[in-house]
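Chain and residue survey
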Amino acid sequence: MQDVGENMDQLFRNAAENYMLKEGDSNWNEIFSQLQTSSPVVPGKQNQKRKYIITGFLLFICFMAGSILIYHASRNSVPVVAKTKTKTTDKSGKSIFSGKTESQKDSDAFEEENKSVTKNLSKNFKPYLVGNGNSYTLVSPGTTNLSTTHITKTETTNNPASLQQIKTALKNEQIPPSIIRLYSLQKDSTRHISPVRINTKKKHGIYYGLLAGTGFTTVRSQDFSKPGFDLGVIAGYHFTPKLSAEISLLYSNRFYYSDGKYFKMDKMVDSMPSDMKVMSLIGNSKIFEIPVKFKYDFVQTKSSSVYVATGISSYVLINEKNDYVISMNGTAGTMNGTYKKTTGYFAGAINISAGYEHSVGKSNTIRFEPYITIPTKGIGIGSLPVTTSGIHILFTRSTRK
Amino acid sequence: MNGDQKCQKILYGHYRGYALKIAFRYLYRYEKAVYAVNDGFVKIFNHFHNFNIGIDEDNEKILMAWLKKVMVNTSIDHLRRSSMLPEIGGIPEKVWDRPDDSRKADQVVLYNDLIAMVKNLQPNYRTVFNLYVIDGYSHTEIAELLNISVGTSKSSLSRARTLLQQSIKKMEEKAACRM
């Protein structure tokens, strides 16, 4: 039985080797066209592609890690003494602050009477004063010696530079610097501390700025040609400290590649031979892009924020240049086309971005914003659905200081 | 060779028939086999830098083995695209060729009929039979290539052999009737 099987296998092997099939016409032109469109996968280009992917991935990881760090930093921000305190007065006229030790009450009383000292006391790592309203004692924090220097109320209230006075007093007492150790409110369990998050820099009003960026444009997730660039201006308005609306005007130069099957011939059918077929193309478009979007800061700290933004982009195409690989009557060839007709595309894409914003000075910010634009309609002579992803760097300035 | 259009054209002209015969065993439709061959050659030319040409006489054998592997893989890719569904309609007579020498003609007709039998098998049986019996793949390699188990590969082969034996028997009976 095995021999029968073996003989049969051998018979089919011989058949596979010797059967005769008509080869038909040569398809070399078709293969040549495909070779023109699918550039050889040489190791260098593969490495370059890999490099782009790895760079993109690392940028994404950095962005996510940064977001998480900022988020945790904002949650665990340094607490300060609560500024809203209920003040009552006892029979003897002494100020009493609820939920505090006697020394703290006196210290807070001093805060009430002398704003400049209060400001300093509210900060961490500072000496503090205790007293009954007329006479105060400067305590060198961290030491057990509480009576080091006495400052009268008159002296402190009449002298606006009372901190300087304290420092001078400390010098006069010749307290060694090692004794004047810094005192941390966080570590002092005797003090009542209400954890209050640091107030974020309030954002109001209009802001404006410049942006620049780079990105890759693809048609239906095909291969990309080379990176393009964007340059533009941006203006925005803060509705709330977290929510704002933005409009930009960008000049974009985009490069893309597409297989012929995504290129619609409708707009050029009159000017082209009827039997011409676009096999592939490499294009370059110069466009004005007008994105309108809403931005929401979901993490805010004193000097930075992490945000998401989404909106729609409209385009004005001002110049398009395509290098085609075409097939006509079974012959492959190349062709160029330049189209300078200005065409508008309202709401041509959905814009999604996320980013990190950092304050530079009082009213300036710098933003790093990875983005993706998802097409809602095809643009250009071939109505190509182009997707662009990349990063924008924005420098903005607020009108309100 | 890389990018040398003339050499590519010569290579294509020389091995086109060989490649088409491989693809046609796997793909039922002649046109699909032609597409698969075109795709296969594009792959070969795009990756030709991987092929080291030396002065070794075995170069041609190595090239043919590589070409065979590429054509088999490309044909299987095309089969996957059609979800390995069986195709209806017969194989048109015009695709077969016959030698001028009448002494060999009968032999060739037999071989053509045998290949037609293989092509008439269900795509999964046909693929396993081609891979194992004709192209010399092991069951483990087939399982890996087709993403099936070794057991499935063995049972498919067994089933294919049974069906082919039945077809051969029918063919012999027809021939006996004619006589």
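Residues numbered from 1 in each chain as written. Chains lettered and ligands numbered in written order. Predicted model: local features only at pLDDT ≥ 70, side-chain atom pairs only at ≥ 80, totals over all residues. Heavy atoms only, no water.

1. Remarks on helix 5 (residues 123-134) of chain B
At 3.6 residues per turn, the α-helix brings residues three or four places apart onto the same side. All names here are of chain B. For clarity, the cut-off: Note on conventions: DSSP H or I runs of at least 4 residues are helices, E runs of at least 2 residues are strands, and numbering of each starts at the N terminus. How far a helix is expected to stretch is found by multiplying one less than its residue total by 1.5 Å. Note on exposure labels: buried denotes an accessible area under 20% of the residue type's maximum, exposed denotes more than 50%, and partly exposed covers the range between, all computed with a 1.4 Å probe on protein chains only.
Helix length check: helix 5 (12 residues) gives 15 Å between terminal C-alpha atoms against 16 Å at 1.5 Å per residue, within 8%. The buried fraction of helix 5 is high, at 10 of 12 residues. Restricting attention to buried positions, one finds in helix 5 the residues Pro123, Tyr125, Arg126, Thr127, Val128, Phe129, Asn130, Leu131, Val133 and Ile134. Note on helix 5: the residue one or two positions beyond its end, Gly136, has a positive phi of about 75°.

2. Observations regarding the nonpolar core
Nonpolar side chains tend to gather and get buried jointly when the protein is soluble and globular. Inclusion rule: As used in this record, nonpolar core signifies buried Ala, Val, Leu, Ile, Met, Phe, Trp, Tyr and Cys residues forming a set joined through side-chain atoms within 4.5 Å. Residues count as neighbours in contact if any of their non-hydrogen atoms are within 4.5 Å of one another.
Counting residues in each nonpolar core, the largest one holds 62 residues, and the members touching the most others are Phe24(B), Phe41(B), Phe45(B), Trp96(B) and Phe129(B). Residue contacts for Phe24(B): discarding those within four places in its chain leaves Tyr19(A), Leu21(A), Arg29(B), Tyr30(B), Ala33(B), Ile91(B), Val95(B), Trp96(B) and Lys119(B). Phe263(A), Met276(A), Tyr315(A) and Ile381(A) belong to the second-largest nonpolar core, a separate cluster that totals 19 residues.

3. As for the interface of chain B and chain A
To keep things clear, this is the line we draw: Salt bridge, as used here, is a side-chain nitrogen of Lys or Arg placed within 4 Å of a carboxyl oxygen of Asp or Glu. Nitrogen and oxygen atoms within 3.5 Å of one another constitute a polar contact, given that in protein one can donate a hydrogen and the other can accept it, and given that sequence-neighbouring residues count only through two side-chain atoms.
Across the contact, 40 residues belong to chain B and 33 residues belong to chain A. Inspection of the chain B/chain A interface yields one salt bridge. Here Asp9(A) ties to Arg161(B) by a salt bridge, and the two come within 2.4 Å at their closest N and O atoms. Inspection of the region where chain B meets chain A yields eight residue pairs in polar contact (both at pLDDT 80 or more). Going through the elements one at a time, helix 1 (5-26), helix 2 (30-46), helix 4 (102-119), helix 5 and helix 7 (150-178) of chain B are the ones with two or more residues in the side of chain B that touches chain A. It is helix 1 of chain B that contributes the most residues to the side of chain B that touches chain A, 10 residues altogether.

4. Notes on a nonpolar patch on the surface
All names here are of chain A. For clarity, the threshold we go by: Here, patches come from residues exposed beyond 30% relative accessible area and free of salt bridges, joined within 9 Å for like charges and within 5 Å for nonpolar side chains (Val, Leu, Ile, Met, Phe, Trp, Tyr). All accessible-area figures derive from a Shrake-Rupley calculation using a 1.4 Å probe, and residue coverage is judged against the displayed protein chains alone.
On the surface, Ile206, Tyr237, Phe239, Leu243, Phe294, Tyr296, Phe298 and Val308 cluster together to form a nonpolar patch covering roughly 750 Å² of accessible area. Here the element with the most residues in the nonpolar patch is strand 9 (residues 276-300); it accounts for three residues. For Ile206, the location among the structural elements is in strand 6 (residues 205-219). The partly exposed category is assigned to Ile206, whose relative accessible area is 45%.

5. A word on the pairing of strand 12 (residues 343-360) of chain A
All names here are of chain A. For clarity, the threshold we go by: Being paired, for any two strands, means DSSP has found at least two bridges between them.
In this sheet, strand 13 (residues 364-375) lies alongside strand 12 in antiparallel orientation, the contact comprising 10 bridges. Pairing of Asn351 across the sheet is with Thr373, part of strand 13. Connecting the antiparallel pair strand 12 and strand 13 is a turn made up of three residues, with Gly361 showing a positive phi of about 75°.

6. Quick word on helix 6 (residues 139-146) of chain B
All names here are of chain B. The condition that has to hold: By definition, the arc is the one covered by directions from the helix axis to the C-beta atoms.
Those residues of helix 6 that sit buried are His139, Ile142, Ala143 and Leu146. The buried residues of helix 6 all sit within an arc of 100° when viewed along its axis, so they share a single face. Structural note: helix 6 exposes Thr140 and Glu144 on the side pointing more than 90 degrees away from its buried face. Backbone geometry just downstream of helix 6 places Asn147 in the positive-phi region, at approximately 60°.

7. So, the environment of Gly215(A)
Residue and element names in this part refer to chain A. Residue placement: Gly215 occurs in strand 6. Expressed as a C-alpha distance, the spacing of Gly215 and Thr387, which sit 172 residues apart in the sequence, is 9.9 Å. Ignoring anything within four residues of it in the chain, the contact list for Gly215 reads Pro227, Gly228, Tyr371, Ser389 and Gly390.

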